[in-house]
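Analysis of the macromolecular model
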Amino acid sequence: MYRVSSGPKDLPGQPGPSPTLAELTRRACAGDHAAFQDIHRRVGPGLNRMLMARSGGREELVEEIAQRVWTAVWKAIAEKTYDPSRSAITTFAYAIAHNAWITHLRRFARDKGYVQGLPSTQGSEVLDEHVHPAIDSIPQILAEAELIDRVRICLHDQAAAGLSDLEREIVSAIAAGEGDRALARRLGLSSSTINVRKHAAYAKIRAFLGVFNGEPNAQPPGANTGSDRSTP
Amino acid sequence: MNDRRLNELLRMAGEVDDLERSADGMSSSRRPGLNATANGAKSPALIRTDRLIRRQMFGALSMAAALAIAGVGFWLNSQSNRSSAPPVATSDSERGVSEVPARDYVKHVPLSTPTLVDAPTGTVVRSTPPVPVVGSLDESVVLAIYRNDAGDLHCVQLAPHTWSNRCLPDVQPVELRSVSFGTPCATQPRHTLLIALAGPRRSLPTSEASAVSLAKCILSMPRVCDGDAACFSGPASQCVPAGVSVKIESVADRSWNADLQR
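Residues numbered from 1 in each chain as written. Chains lettered and ligands numbered in written order. Predicted model: local features only at pLDDT ≥ 70, side-chain atom pairs only at ≥ 80, totals over all residues. Heavy atoms only, no water.

A few words now on the environment of C217 of chain B. Following the sequence through the fold, C217 of chain B ends up in helix α4 (residues 208–220). Between the C-alpha atoms of C217 of chain B and C239 of chain B, which are 22 residues apart in sequence, the distance is 6.1 Å. (Helix = DSSP H or I, 4+ residues; strand = E, 2+ residues; numbered from the N terminus.)

Another aspect to go through is the state of the cysteines. All names here are of chain B. This model, assessed by the stated rule, comprises one disulfide over all chains. Between C217 and C239 runs a disulfide, and the two sulfur atoms are separated by 2.0 Å. With the S-S dihedral at roughly -85°, the linkage between C217 and C239 falls on the left-handed side. Of this pair, C217 sits in helix α4 while C239 sits in helix α5 (residues 230–239), and the two are 22 residues apart along the sequence. The class for C217 is buried, based on a relative accessible area of 9%. (Disulfide = S-S within 2.5 Å. Buried < 20%, exposed > 50% of the residue type's maximum accessible area, 1.4 Å probe, protein only.)

Quick look at the pattern of salt bridges now. Side chains bearing opposite charge may pair, as long as their charged atoms lie close to each other. Summed over all chains, the structure comprises 20 salt bridges over all chains. Salt-bridge contacts for E178 of chain A lead to R186 of chain A; the nearest nitrogen and oxygen are separated by 3.0 Å. For E178 of chain A, a relative accessible area of 23% gives the class partly exposed. Of the residues examined, R186 of chain A reaches a relative accessible area of 36% and is grouped as partly exposed. One continuous salt-bridge network, built from bridges that share partners, spans D149 and R152 of chain A together with D17 and E20 of chain B. (Salt bridge = Lys/Arg side-chain N within 4 Å of Asp/Glu carboxyl O.)

With that out of the way, let us pick up the confidence of the model for chain A. Residues and elements named next belong to chain A. Mean pLDDT for chain A: 74, with 71% of residues reaching 70 or above. Every residue in residues 1–15 scores below 50 in pLDDT, and together they form 28 contacts with partners more than four places removed in sequence or on other chains. Confidence drops under pLDDT 50 across residues 115–135; counting only partners more than four residues distant or on other chains, this segment forms 29 contacts. (pLDDT = per-residue confidence, 0-100. Contact = heavy atoms within 4.5 Å.)

Next comes the structure, spelled out in structure tokens:
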């Protein structure tokens, strides 16, 4: 249901500008339920829209997954398995939702017989099983969220990965879902040029990510390693 | 890490950026994410998005101003008509429902009859005309908006519907699809929107003109997508008066024909 709202609401008893998500995360990790509710109020609608777009508007499924995602986020915060210094709370919630959605798709394909050789399941355990792995594998999801945040640094911090303006434009367009041909048309370049620059950018990003992953051959591409992130 | 994995990570990073932007939109503070401190540099994609948002906001404001002017004009017109020639109800079913000339592309389904309450004996009757009292404050209607191949309004149908005293959030999408409109006004619609509205009767569309006006408003509002019901939730909530609940279901042509046969 959609109700006409009178505009953004602030937390009761907190006049003035709303706190940042990083600040709310810090308070939520300290056990502040109201801060967690505010995080949910601000991030939840976007997460629902993303899931709605992926599911083709299946509200019941979206509500069910979203509810369990936020339960998992709260559980990770309460049990201290979520480390705010490794990933922003938005990225962490996104990674859990993405994981739950991918697992749902795999389960759906298995039940429909699209994937051969896997046993079919029936009833409520389908939904339970497709979300529970997301809850149980928080460390892996946190690692994925950390990786996504580092890629975001590459996208937004030009010095981090040492990308040129054109390379940054190309990877930003790829992140926004733009195809190679459309990008070539828009920039007035040939597809082969785009392809070459894209792979050069990928090599720099790999090198940047390799520094974090402790790969022996990785070279630091820039002086800024993104340690000045405001959002953890 | 191969190219495919890196592509996936880039797309995920883009989605998280969108998520963070929408989260920041709920707050009056500056964006708390990576973009706020990354050397102050904005990516070209972000600059494009900002421009797009500014254009959409300008369009929405222009649309709202135009609708407000049109609404005032319509209200003034209806007031002048009412003062010059008060409508005469020919039957009970027509009392309380404004008389609007039917349009060719509108197929109207009569709405529920308002209950008339007789004045008790001995009551002093003033010079004001009797006012029909509606049985309940909250009523519900379902509006079907049929769209043509270009996505424009083809025709609308309006029908009253009670959800067994349930609130709209409790109504399942399949129930919304099963509302009977009789004969559809379009034989092969490309895309149909079913919109359940609940609220005070005076706030709901009760005539063809108001239904068409609401449908045009919803379809003309700027939106980021065109496929599912979620794409129209924002426009719909901006087009209905305050206090009216909305639930939307989007029906593609294939399933729509099957639903209509019920």
